[in-house]
Amino acid sequence: MRKGPVLLALVVVLGLLALSQHARQQTAELPDLRGLTLRQAQLAARDAGFRQLAGTDAFGRHRVPVLGSNWRVCSQQPPPARHSLTTPVTVRVVKTGEACPRRP
């Protein structure tokens, strides 16, 4: 077995692991997304550096928020603060014109 290709593969794997660790360490301020349309929230989160944003029906009716401009953000998880850029962001949304559900 030739050592050159194995050594090269090992170097590539170690480099990718180092980049992955570096990405996890990068943080940014997640803005308050409440009150924005889903589309505005997606853009604001992306502008802050967050890439994983999911919208869920705040009433639990299993409605799928397809058109982002027709949904409004009621709450978000995690809350506005500094987070790792790899942190997934979930927003609970209602149709525009609906009131947000009251918290228990």
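The sections below set out a description of the structure shown in this document. All values derive from a computational prediction rather than experimental measurement.

With that out of the way, let us pick up the overall build of the chain. Regarding its fold elements, the chain presents two helices and five strands. Helices and strands in the chain line up, N terminus first, as α-β-α-β-β-β-β. Across the 104 residues in the chain, those meeting the buried criterion constitute 22%. The long-range fraction of contacts in the chain, counting pairs at least 24 apart against all pairs at least 6 apart in sequence, stands at 68%.

Within the open sheet, the three strands sit side by side as β2-β5-β3. Their pairing is mixed. What marks the edges here is a single partner per strand, and that holds for β2 (53–57) and β3 (71–77). Along the sheet, successive strands turn relative to each other by an average axial angle of 35°, direction set aside. Across the sheet, helix α2 (residues 38–48) lies against β2, β3 and β5 (89–95), angled at about 155° from β2, the strand it touches most.

On to the state of the cysteines. Per the counting criterion, the structure on display carries one disulfide. One disulfide bridge connects C74 with C100, the sulfur atoms lying 2.0 Å from each other. Looking along the S-S bond of the C74-C100 disulfide, the torsion reads about -90°, which is the left-handed sense. One end of the pair, C74, is in strand β3; the other, C100, is in the segment after β5, and 26 residues separate them in sequence.

Okay, the environment of W71 next. Inspection of the secondary structure puts W71 in strand β3. The buried category is assigned to W71, whose relative accessible area is 3%. Sequence-wise, W71 and T96 are 25 residues apart; in three dimensions their C-alpha atoms are separated by 5.0 Å. Residues within four places of W71 in sequence aside, it is in contact with L36, T37, L38, R63, V64, P65, V66, V93, V94, K95 and T96.

So, about the pattern of salt bridges. This structure, assessed with the given rule, holds four salt bridges. In this structure, R34 engages D32 in a salt bridge whose closest nitrogen and oxygen atoms are separated by 2.6 Å. Note that D57 and R63 form a salt bridge whose closest N and O atoms lie 2.8 Å from each other. Overall, the relative accessible area of 9% leaves D57 in the buried class. Overall, the relative accessible area of 24% leaves R63 in the partly exposed class. Because the salt bridges share partners, they merge into one network encompassing D57, R61, R63 and E98.

Parameters at a glance
- Residues numbered from 1 in each chain as written.
- Predicted model: local features only at pLDDT ≥ 70, side-chain atom pairs only at ≥ 80, totals over all residues.
- Heavy atoms only, no water.
- Helix = DSSP H or I, 4+ residues; strand = E, 2+ residues; numbered from the N terminus.
- Buried < 20%, exposed > 50% of the residue type's maximum accessible area, 1.4 Å probe, protein only.
- Contact = heavy atoms within 4.5 Å.
- Pairing = 2+ DSSP bridges.
- Axes fitted to C-alpha atoms, helices over the stretch in contact; angles between N-to-C directions.
- Disulfide = S-S within 2.5 Å.
- Salt bridge = Lys/Arg side-chain N within 4 Å of Asp/Glu carboxyl O.

So yeah, pure geometry; function would need other evidence.
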